[in-house]
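Now for the letters of each chain:
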Amino acid sequence: MQKKEAFLSIHRQGFVRVAGCTPHVHVGDPAANAGEVLALMRAAEARHVDLALFPELGMSAYAIDDLLLQDALLESVDESLRRIAEASRDWRQVCIVGAPIRRNNRLYNCAVVIARGKILGVVPKSFLPNYREYYENRWFAPGVGLTGLEAGVAGQLAPFGTDLIFAASDLADFVFHAEICEDFWSATPPSTQGALAGALILCNLSASNVVVGKAEERALLCASQSVRCLAAYVFSASGPGESTTDLAWDGQAMIHELGVLLAQGERFPKKNQMVVADVDVERLRLERMRTLTFNAAAAAAGHPETRFRRIAFEHRPAYEDVGLERAIGRFPFVPGDPSRLDQDCYEAFNIQVQGLMKRLEATHGERIVVGISGGLDSTHALLVACKAFDALGLPRANILAFTLPGFATSEGTKSNAWALMKALGVTGEEIDIKPAAMQMLRDMGHPFAKGEPMYDVTFENVQAGLRTDYLFRLANQRKAFVLGTGDLSELALGWSTYGVGDHMSHYNVNGSVAKTLVQYLVRWVMKSGQLDESASRTLLAILETEISPELVPAGDDKKLQSTQSKIGPYELQDFNLFHITRYGLRPSKVAFLAWHAWREASRGVWPPGLPEDGRHAYTLAEIKKWLGVFLHRFFELSQFKRSALPNGPKVATGGSLSPRGDWRAPSDGNARAWLDELEHNVPD
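Quick summary incoming for the structure in this document. (Residues numbered from 1 in each chain as written. Predicted model: local features only at pLDDT ≥ 70, side-chain atom pairs only at ≥ 80, totals over all residues. Heavy atoms only, no water.)

All right, on to the packing of aromatic side chains then. Throughout the structure, instances matching the rule amount to 29 aromatic pairs. By way of ring pairs, the aromatic residues Phe630, Phe634, Phe635, Trp663 and Trp674 are connected into one cluster. Here Lys214 stacks its cationic end above the ring of Trp185, 5.5 Å away from the centre of that ring. For Lys589, the ring lying beneath its charged end belongs to Phe15, and the centroid distance is 4.6 Å. (Phe/Tyr/Trp six-rings, centres within 6.5 Å; stacked < 30°, edge-to-face > 60°. Lys NZ or Arg CZ within 6 Å of the ring centre and 35° of its normal.)

Here we take up the packing of helix H14 (residues 515-527) against helix H15 (residues 533-543). One can describe the packing of H14 onto H15 by two numbers: an axis separation of 10 Å at closest approach and a directional angle of 160°. As far as their axial angle goes, H15 and H14 are roughly antiparallel. Between H14 and H15 the crossing geometry is left-handed. For the pair H14 and H15, contact is made by Gln519, Val522, Arg523 and Met526 and by Ser536, Leu539, Leu540 and Leu543, respectively. Here the contact of H14 with H15 is built from residues that sort into five nonpolar, two polar and one charged. (Axes fitted to C-alpha atoms, helices over the stretch in contact; angles between N-to-C directions. Helix = DSSP H or I, 4+ residues; strand = E, 2+ residues; numbered from the N terminus. Parallel < 35°, antiparallel > 145°, perpendicular 65-115°, else oblique. Left-handed = near helix turned anticlockwise from the far one by under 90°. Contact = heavy atoms within 4.5 Å. Nonpolar A, V, L, I, M, F, W, Y, C, P; charged D, E, K, R; others polar.)

What follows is about unusual backbone geometry. The phi dihedral of Leu57 is positive, around 50°, even though this residue is not glycine. Within the fold, Leu57 resides in the loop between strand E2 (51-53) and helix H3 (71-87). For Leu57, a relative accessible area of 0% puts it in the buried group. Although it is not a glycine, Asn105 sits at a positive phi angle of roughly 65°. You can see Asn105 is positioned in the loop between strand E3 (94-103) and strand E4 (106-115). For Asn105, a relative accessible area of 83% translates into the label exposed. (Buried < 20%, exposed > 50% of the residue type's maximum accessible area, 1.4 Å probe, protein only.)

On to the environment of Thr458. Position of Thr458 relative to the elements: it lies in helix H12 (residues 457-478). A residue is classified by how much of its surface remains accessible, and Thr458, at 27% relative accessible area, is partly exposed. It is 8.7 Å that separates the C-alpha atoms of Thr458 and Leu441, two residues lying 17 residues apart in sequence. Every residue in contact with Thr458, bar those within four places of it in the chain, is listed here: Met444 and His446.

With that settled, the discussion passes to the sheet that holds strand E17 (residues 399-403). Taking strand neighbours across the sheet as the criterion, the five strands line up as E18-E17-E16-E19-E20 in an open arrangement whose pairing is parallel. In this open sheet, the two edge strands, each paired with only one partner strand, are strand E18 (427-430) and strand E20 (507-508). As defined by bridge partners, strand E16 (residues 368-371) adjoins E17 across four bridges and the pair is classed as parallel. In the sheet register, Val369 faces E17, and the bridge partner there is Leu400. (Pairing = 2+ DSSP bridges.)

Moving on to the nonpolar core. Ranked by size, the top nonpolar core spans 157 residues in total, and within it Phe174, Phe176, Ile201 and Leu356 carry the most contacts. Considering each element in turn, this core owes the most residues, nine residues, to helix H9 (residues 376-392). Setting aside its immediate chain neighbours within four residues, Phe176 contacts Leu51, Val94, Ile96, Val113, Ile165, Phe166, Ala199, Ile201 and Phe313. (Core = buried A, V, L, I, M, F, W, Y, C linked by side-chain atoms within 4.5 Å.)

Shown next, in the form of structure tokens:
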């Protein structure tokens, strides 16, 4: 297989395509129901679905009461299952259908798992509802405690019991479990045990009649079970055609992963429908591996994997490019939904404020020193400081803000810094660091001090170091402490001057905030009416300024030193940062996700308020290039800086590189394994 084909295959990238199917139900007519199931299976096959889930008792219909005890009906169900199994021989998908199954003179409400002509297994419903409108004990025997058994179904002898999970022998992490409707309303859902035994995809065949408010309850249960079990949860409920003698049905179908809704169908559909999503089973496996409480729960439960039968089947995936049935957010730290973005900004800002308030109280401090460059990070840190001082009843004049222009400071950023300090009512001062920097360069014998235009790293770091040196000494002098401003993205890329430089402070409120989120936090403060018109205009000007350290003078082209031209677009690097550190994904998979997220500006959702000219697209070659830069800088160059970070609050999930928090790594590591994986598996 060519590298490009392998790269674009969802199966090579750790995904399994699942579908929640809602067929039109024919009351007490298994043959007709089999026809509806087969029609949806054909549609699922055309969409390259790996696992198709159908509703509870879909082969007979759910609300048929005593007809369930009629042998003619049950014989028709068995024949219909035989028909489905036969039709599935040449299809790649696994399907799970609901059917009443006879065994040992009892009738069970079951999930029947079928693949490539074979009945892989039969799972009976554990918990039978027998309250209010439910009366299942009249017809069915409960499945609780039935393990290690077999049952004859559709002319085949198949494993039968509540101890079954199903695993593809030729597709890693395609492992699933089935439970039925009431099972996950119970205090001890069988899917919890299935997950602890290794299932990554949890399936619920449901009838679940609808009443007002019940759809929200189902969604809550699906989402919470997917979070608690670190799994995907697929739910399919009975819909059109089901008997409405005393009940009604809405055909709700949903797919959740780690609490996030991936796909949902139309409620009260008039005809067959199917919702499809690609589940990231590789990510689920990695999340379980790093969440040790999940494995502790398995131990506390007596290791369910020792009691479950793992039913292996050959899936035979084609490893072809079938697209991606899943939305990939461009900005993992910035949600696209306006209400969620507003909530995240509110929480992030107030987490930072609370952290600074506690540090002020703990140090009995009444003053802070902060450097203001006119850039995003220092602007946001100053906004946080103002809010914290207001909450503590301290005057903003006790915020001692210094702008420290160097050899390349532009008039625009300096004027923005002064406008901001004045608008916020803090104490502003300016110290020109050029004379001290020139003296240091002269003492060192640096060519720049002799008039030569040498702008090397020493030239840059002399300025960065002096700025922080001044801030610390000013803090000593004014009985204050230094507030750090550097953000998470800079820490990830090592884009800071170590020690006596912007790397260091007494407390850093921005250390867990990605650059892309900083921009939206500044926008949120501006748009939420917390500042007057003058301050808001200044914030807008800062947002529109090119991100630059302003340490190297502009060249003949008059262009400022550009951070992103050196270390890559922050929007891409924040994407890489999140997926590599939060989930531990392979570089090639990160590139695959980035390509689907960023390849076309016209596709997908953008965060609200982002101007049209800020909506970028990237080629796969660009994605690979900047991901390589990230891997080299993150794994090989800059861990020693992260190992000596000042204190600061964790703000976002996947947003801490503190050696006391989310990330611990050797300072003398290397990036070879990650760079090799990127080069070998991502086409140019």
